[in-house]
Amino acid sequence: MSDQSSSLSSSEEDVDTESEQMYELGGTLSKWTNYIHGWQDRWVVLKNNTLSYYKSQDEREYGCRGSLCLSKAVFTPHEFDVCRFDVSMNDSVWYLRAENPDLRQQWIETIELHKAESGYGSESSLRHHGSMVSLTSAASGLSTTSTSSFRKDHSLREKLAEMETFRDILCRQVNTLQKYFDNCASGDYRDEYHRDRVVEDDEDDFPTVRPDGDCLLNNNSSKEKLFPSSSPRGPTGIDFKGEAITFKATTAGILSTLSHCIEIMVKREERWQRRLDKEMERRRKAEDAYKSALTELKKKSHYGGPDYEEGPNSLINEDEFFDAVEAALDKQDKIEEQSEKCRTPRPITLSPDTYCSLSAHRYSTKPHSHASSLSSLDLVSASEDVHRFSAQVEEMVQSHMTYSLQDVGGDANWQLITEEGEMKVYRREVEENGVVLDPLKATHAVKGVTGHEVCHYFWDTAFRNDWETTVEHFTVVEALSDQAVIIYQTHKRVWPASQRDVLYLSVMRKILSTNENEPDTWLVCNFSVDHDSYAPSSRCIRAKINVAMICQTLVSPPEGNKEISRDNILCKITYVANVNPGGWAPASVLRAVAKREYPKFLKRFTSYVQEKTSDNAILF
């Protein structure tokens, strides 16, 4: 028998071990960290009724970064996001996303299985725990209230005990009196039967009652004794007078105790009424505090959870979205100002052989218009700049040189939104399926720099971080030629907007002029492309861009035989941007950000180029 029990227990242990191994689950899930970093991949492990997460699978040996006990946690599949589910315990909430809905369902089913195995989460288990508490309470004979509550009810309990005692006494007395009345009734019946036999017809023959009450007289003046006159008790030996007095005293005690109980109940009712009033007042204050907190939460510019970020089901409205973006951009401006004060100048890495001699430069003695220069341009493609995107590059360059340099008047419907000195920014409002696709166009004139220098600093990634403040990280994915590269970059997140990334081809091109009186044109064109190594991910929204920086250098001849200096050169800049931001950002926010950020970007970049080239030879 012991062998059977031992084998049975060992088999049960094997089953338990197999079930634990079966229900263990581990994998990579995206976890919401904060509004700055957003979703980050974390290694999540579900084991022994505990959900833990690590920074990565390789760092498990360093310990978990957090864990939740499933027996006390509540998990909720998201209403709109089919890949997301939330796990919460008290004030701690984990926002988790799987790669696909099937994987999310697998995690949810495994969590439910763990909760069921641990005795939580199912209806039967809840009844089981509740019945254990009830049995314990019944066995102890006491409720779960505090001892002070019993002390308050002590007098009422005493009175109820008195009532029980009085009830027992009263029941015994009622039984005694009932016996007495029964015996009296049976004695009267026998006496009436006897009298009926002695006197049948003559009513005068009935015995009369003597004053002493001990006997009856018949018509012959003879006495008939009913029971001994000397005994105060009834025929069964019951003291009727004493029992009546006791009965009266018992009922008086009951009435007194009932009055006392009623008085206690009234006082108790008053006490409970005061408690109820206090609780209702507390509830009213709590509801007011909740409404106030909810109102304050709606007024805040930053929200902690992913439900408030950009999206079709965002809990933040357009005005709150706009205020949050404004606050985030103001904060970034302050950071940029501090970083500019601490920035140290970097040496220029342009090689000396890239500088052309001043004698070979053609002078332009008069300002020129874009319309007149357009007919004299010769689009030349370098023979060595041939790659798989060459045809697409030539198409983009041709398009920008044809349309981007056109005048902003006429039927183009350009609207001037910003004007600061020589810089003017125009916008044309375009929306497609609710997404803002407003083309932007800016014209600027910068003294002391050439078009080649401006395009060089705009195209060369070695200087990107010096003037570009919106980029968080960028990588040169592939170098197609000396002047064409594919770049992947992620932009800094502006809460509550989602983070954007861009994959684009950047090419720099010199376009020769066929007219001696017209300057050459330098152009940098950035347009979105696809690459197998950088497919779109759920972490960022992939934006589409088509941007061009078009520059022409105007040189005024110096007086006399003086050499040309930077005081004699002027760079005409035309900057065009067509951006599809994707996502669900409100149109008013996108237009406001564009109006605010594009002039700042152009001003910051041209100032940087002037600073970098002020002490160097002129690069034509």
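Residues numbered from 1 in each chain as written. Predicted model: local features only at pLDDT ≥ 70, side-chain atom pairs only at ≥ 80, totals over all residues. Heavy atoms only, no water.

1. A word on the overall build of the protein chain
Okay, so step 1: Scanning the protein chain for helices and strands turns up 12 helices and 23 strands.
Okay, so step 2: Across the 620 residues of the protein chain, 37% fall into the buried class.
Okay, so step 3: Counted over contacts in the protein chain with a minimum sequence separation of 6, partners at least 24 positions apart contribute 61%.
Okay, so step 4: Only carbon and sulfur atoms are counted for the fraction: they give 51% of the accessible area of the protein chain, which is about 37700 Å². (Helix = DSSP H or I, 4+ residues; strand = E, 2+ residues; numbered from the N terminus. Buried < 20%, exposed > 50% of the residue type's maximum accessible area, 1.4 Å probe, protein only. Contact = heavy atoms within 4.5 Å. Areas by Shrake-Rupley, 256 points an atom, 1.4 Å probe, with all protein chains shown as cover.)

2. Some words on the side chain of Glu 468
Okay, so step 1: Looking at the element boundaries, Glu 468 is found in the loop between helix H11 (464–467) and strand S17 (471–481).
Okay, so step 2: A polar atom in the side chain of Glu 468 sits 2.8 Å from the side chain of Thr 470. (Polar contact = N/O pair within 3.5 Å; in protein donor to acceptor, adjacent residues only side chain to side chain.)

3. Quick word on empty space enclosed by the protein
Okay, so step 1: This structure, assessed with the given rule, holds one cavity of 30 Å³ or more.
Okay, so step 2: Size it by volume and the largest cavity reaches roughly 1200 Å³.
Okay, so step 3: For the lining of the largest cavity, the secondary-structure elements that each account for two or more residues are helix H7 (318–342), H11, strand S18 (484–491), strand S19 (500–513), strand S22 (544–555), strand S23 (569–580) and helix H12 (587–613).
Okay, so step 4: Grouping the amino acids of the lining of the largest cavity by side-chain chemistry returns 26 nonpolar, eight polar and 13 charged. (1 Å grid on protein atoms, 1.4 Å probe; cavity = no way out; pocket = protein on both sides within 12 Å on 5 of 7 lines; lining within 4 Å. Points joined across faces, edges and corners; volume = space filled by probe spheres on them. Nonpolar A, V, L, I, M, F, W, Y, C, P; charged D, E, K, R; others polar.)

4. What to know about the layout of surface pockets
Okay, so step 1: There is about 640 Å³ of room inside the largest pocket.
Okay, so step 2: As for the largest pocket, its lining consists of 29 residues, and the residues nearest its centre are Trp 39, Asp 81, Glu 309, Glu 310 and Gly 311.
Okay, so step 3: Across the lining of the largest pocket, the residue classes tally to 10 nonpolar, 10 polar and nine charged.

5. Observations regarding the sheet that holds strand S3 (residues 50–54)
Okay, so step 1: Taken in spatial order, the seven strands line up as S4-S3-S2-S1-S7-S6-S5 in an open sheet, and their pairing is antiparallel. Each end of this open sheet is capped by a strand with a single partner; those strands are strand S4 (66–69) and strand S5 (74–77). Taken pair by pair, the neighbouring strands of this sheet meet at an average axis angle of 30°, ignoring direction.
Okay, so step 2: Pairing between strand S1 (residues 25–34) and strand S7 (residues 92–97): two bridges, direction antiparallel. Bridged to Ser 30 within S7 is Arg 97. (Pairing = 2+ DSSP bridges. Axes fitted to C-alpha atoms, helices over the stretch in contact; angles between N-to-C directions.)

6. Quick notes on the pairing of S18
Okay, so step 1: Of all eight residues that make up S18, eight are buried, and the element is covered over most of its length.
Okay, so step 2: Residue alternation in S18 divides its side chains into two sets, Ala 484, Ile 486, Tyr 488 and Thr 490 and Val 485, Ile 487, Gln 489 and His 491, and both sets are buried.
Okay, so step 3: Where S17 lies against S18, eight bridges are found, and the strand directions are antiparallel. Opposite Ser 481, over in S18, you have Ala 484 as the bridge partner.
Okay, so step 4: Here S17 folds back onto S18 in antiparallel fashion, the turn holding two residues.
Okay, so step 5: Note: S18 against S19, seven bridges, orientation antiparallel. When the bridges of S19 are listed, Gln 489 appears paired with Val 502.

7. Looking at the nonpolar core
Okay, so step 1: Val 454, Phe 458, Met 549, Tyr 575 and Phe 605 are the most contacted members of the largest nonpolar core, which totals 38 residues.
Okay, so step 2: The greatest single-element share of this core, amounting to six residues, is contributed by H12.
Okay, so step 3: Residues contacting Met 549, with those up to four places away along its chain left out, are Val 454, Cys 455, Phe 458, Trp 522, Leu 523, Val 524, Ile 573, Thr 574, Tyr 575, Leu 602 and Phe 605.
Okay, so step 4: Of all hydrophobic cores here, the second largest spans 20 residues; its members include Phe 389, Leu 405, Leu 505 and Ala 548. (Core = buried A, V, L, I, M, F, W, Y, C linked by side-chain atoms within 4.5 Å.)

8. What to know about the pattern of salt bridges
Okay, so step 1: Taken as a whole and assessed by the stated rule, the structure comprises 25 salt bridges.
Okay, so step 2: Of the charged contacts in the structure, one is a salt bridge between Asp 438 and Arg 591, with a shortest N-O distance of 2.6 Å. Within this pair, whereas Asp 438 is found in the loop between strand S15 (435–436) and strand S16 (440–447), its partner Arg 591 is found in helix H12, the two being separated by 153 residues in sequence. When sorted by exposure, Asp 438 lands in the same class as Arg 591, which is buried.
Okay, so step 3: As a salt-bridge pair, Asp 520 and Lys 510 come within 3.9 Å of each other at their nearest N and O atoms. Linking Asp 520 in the loop between S19 and strand S20 (521–528) with Lys 510 in strand S19, this pair joins segments that are 10 residues apart in sequence.
Okay, so step 4: Judged by relative accessible area, Lys 510 falls into the partly exposed class, the value being 34%. (Salt bridge = Lys/Arg side-chain N within 4 Å of Asp/Glu carboxyl O.)

9. Quick look at the packing of helix H10 (residues 451–459) against H12
Okay, so step 1: Following both chains from N to C, one finds H10 and H12 inclined at 110°, their axes separated by 10 Å at the closest point. On the basis of their axis angle, the class for H10 and H12 is roughly perpendicular. The way H10 lies across H12 gives a crossing that is right-handed. Contact residues: Glu 453, Val 454, Tyr 457 and Phe 458 in H10; Phe 601, Phe 605, Tyr 608, Val 609, Lys 612 and Thr 613 in H12.
Okay, so step 2: Residue composition of the contact of H10 with H12, grouped by class: seven nonpolar, one polar and two charged. (Parallel < 35°, antiparallel > 145°, perpendicular 65-115°, else oblique. Left-handed = near helix turned anticlockwise from the far one by under 90°.)

10. Observations concerning helix H2 (residues 101–117)
Okay, so step 1: Between its first and last C-alpha atoms H2 spans 24 Å; for 17 residues at 1.5 Å apiece the expected length is 24 Å, and the two agree.
Okay, so step 2: Of the residues flanking the start of H2, the one acting as N-cap is Asn 100, its side-chain oxygen 3.2 Å from the backbone nitrogen of Asp 102. (Expected span 1.5 Å × (residues − 1).)

11. Quick word on the confidence of the model for the protein chain
Okay, so step 1: Model confidence for the protein chain is summarised by a mean pLDDT of 75, while 72% of its residues fall at 70 or above.
Okay, so step 2: Ranking the helices and strands of the protein chain by mean pLDDT puts S20 first, with 96, and helix H3 (residues 123–140) last, with 34.
Okay, so step 3: Scored below 50 in pLDDT, residues 1–22 makes one contact in the model with residues more than four places away or belonging to other chains.
Okay, so step 4: Of the regions scoring below 50 in pLDDT, residues 344–383 engages in 73 contacts with residues more than four places distant in sequence or in other chains. (pLDDT = per-residue confidence, 0-100.)

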